[in-house]
Amino acid sequence: LPLMRRVLGDAHADTVSARHSAASIRRDSGDVSGAEAEFRSLADTLQSTLGPDHVRTLIVRNDLAAALEMQGKLEDAESIGRDVLERYRRTLGDAAPRTMTATNNLGYVYWAMGRHQDAEQHWAIAAAGFEKALGPDHANTIGARTAVARAMLARGAAAEARPLVERIALTALEGLSPARRLQT
């Protein structure tokens, strides 16, 4: 990555991909604050070179919002997450999988904020959208459904959640990461 930055520059497509991968690896290995710094720097680079509505910019900003949520920086995560969601809606449409991802991620921010009704609403929208776009057995669909069920159970609606929980339980979980499989 340092060599790519020096030879190709920060904004070159290959460097951008490597920077994004490096930030994701940092996040996944527990260095969330380091990931936040790289996501933020990369988002600034992409906004100035590709513009604020470019899909690549929005992907990185969505990852930035998630890193902020993981650190409890919830107001910033919500602000960025809402902006990303609105830009996806405007540029890709309400039903696009990336729009659903931003909707789902914003649900996690709302959950962390204690806004459980807003979280459940976002997760339900994401679950329906993922199912329509990616199918009922896709990891994103299963994950969003699981989040909806958790929200229902948290608000005491076990009877309402039961059909959803049974549906999730009967779904093959091969496509899920070990952490997501355990959560499900």
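It should be noted that the structure appears before, not after, this text.
Residues numbered from 1 in each chain as written. Predicted model: local features only at pLDDT ≥ 70, side-chain atom pairs only at ≥ 80, totals over all residues. Heavy atoms only, no water.

A few words now on the packing of aromatic side chains. Summed over the entire model, instances satisfying the criterion amount to two aromatic pairs. Summarising the aromatic geometry, the rings of W111 and W123 are spaced 5.4 Å apart at their centres and angled 35° between planes, so their arrangement reads as tilted. Of the two residues, W111 sits in helix α6 (residues 97-112) while W123 sits in helix α7 (residues 116-134), which places them 12 residues apart along the sequence. By way of ring pairs, the aromatic residues Y108, W111 and W123 are connected into one cluster. Positioned above the aromatic ring of W111 is the side chain of R150, whose terminal nitrogen or guanidinium carbon lies 5.6 Å from the ring centre. (Phe/Tyr/Trp six-rings, centres within 6.5 Å; stacked < 30°, edge-to-face > 60°. Helix = DSSP H or I, 4+ residues; strand = E, 2+ residues; numbered from the N terminus. Lys NZ or Arg CZ within 6 Å of the ring centre and 35° of its normal.)

Looking now at a nonpolar patch on the surface. Residues L3, V7 and L8 make up a contiguous nonpolar surface patch of roughly 290 Å² in combined accessible area. In this fold, L8 is placed in helix α1 (residues 2-8). Using a relative accessible area of 37% as the deciding quantity, one classes L8 as partly exposed. (Patch = residues over 30% accessible without salt bridge, like charges linked within 9 Å, V, L, I, M, F, W, Y side chains within 5 Å. Areas by Shrake-Rupley, 256 points an atom, 1.4 Å probe, with all protein chains shown as cover. Salt bridge = Lys/Arg side-chain N within 4 Å of Asp/Glu carboxyl O. Buried < 20%, exposed > 50% of the residue type's maximum accessible area, 1.4 Å probe, protein only.)

Moving on, we get to the packing of α6 against helix α8 (residues 139-154). The angle between the axes and the distance between the axes are what describe a pair of packed helices. It is at 11 Å that the axes of α6 and α8 come closest, and there the two elements cross at 30°. Classified by the interaxial angle, the pair formed by α6 and α8 is roughly parallel. The handedness of the crossing between α6 and α8 comes out as left-handed. The residues of α8 that touch α6, namely those facing T101, N104, Y108 and W111, are N140, G143, A144, A147, R150, A151 and A154. Split by residue class, the contact of α6 with α8 holds six nonpolar, four polar and one charged. (Axes fitted to C-alpha atoms, helices over the stretch in contact; angles between N-to-C directions. Parallel < 35°, antiparallel > 145°, perpendicular 65-115°, else oblique. Left-handed = near helix turned anticlockwise from the far one by under 90°. Contact = heavy atoms within 4.5 Å. Nonpolar A, V, L, I, M, F, W, Y, C, P; charged D, E, K, R; others polar.)

Turning our attention to the environment of R89. You can see R89 is positioned in helix α5 (residues 74-92). On the basis of relative accessible area, R89 is assigned to the partly exposed category, the value being 31%. Those residues within four positions of R89 in sequence are excluded, and the remaining contacts are D94 and T99.

The topology assignment puts L1 in the segment before α1. Residue classification places L1 among the partly exposed positions, given a relative accessible area of 34%. Placed 13 residues apart in sequence, L1 and D14 show a C-alpha to C-alpha distance of 9.5 Å. If sequence neighbours within four positions are ignored, L1 has contacts with T15, A18, R19 and A22.

Along the polypeptide, T45 turns up in helix α3 (residues 32-49). Side chain to side chain, T45 and R19 meet in a polar contact 3.4 Å long. Setting aside residues no more than four positions away along its own chain, T45 makes contact with D10, A11 and R19. (Polar contact = N/O pair within 3.5 Å; in protein donor to acceptor, adjacent residues only side chain to side chain.)

Under the criterion given, the structure shown has 21 salt bridges. A salt bridge links D94 to R89, with the shortest nitrogen-to-oxygen separation between them at 3.7 Å. One connected set of salt bridges, linked through shared partners, spans D53, R61, D83, R87 and R90.

Moving on: α3. Every α-helical turn comprises 3.6 residues, leaving residues that sit three or four positions apart pointing alike. In this model, α3 (18 residues) spans 25 Å end to end at C-alpha, consistent with the 26 Å of a helix rising 1.5 Å per residue. Considered for burial, the residues of α3 that qualify are V32, G34, A35, E36, E38, F39, L42, A43, T45 and L46. The inward-facing, buried residues of α3 contact α1, α2 (13-28) and α4 (55-70). Positioned one or two residues after α3, G51 has a phi angle of 100°, which is positive. (Expected span 1.5 Å × (residues − 1).)

Right, let's get into α4. Counted at 1.5 Å a residue, the expected span for α4 with its 16 residues is 22 Å, and the 23 Å between its end C-alpha atoms agrees. If you check which residues of α4 are buried, you get T57, L58, I59, V60, R61, N62, D63, L64, A65, A67 and L68. The inward-facing, buried residues of α4 contact α2, α3, α5 and α6. Following α4 by one or two positions, G72 has its phi on the positive side, about 80°.

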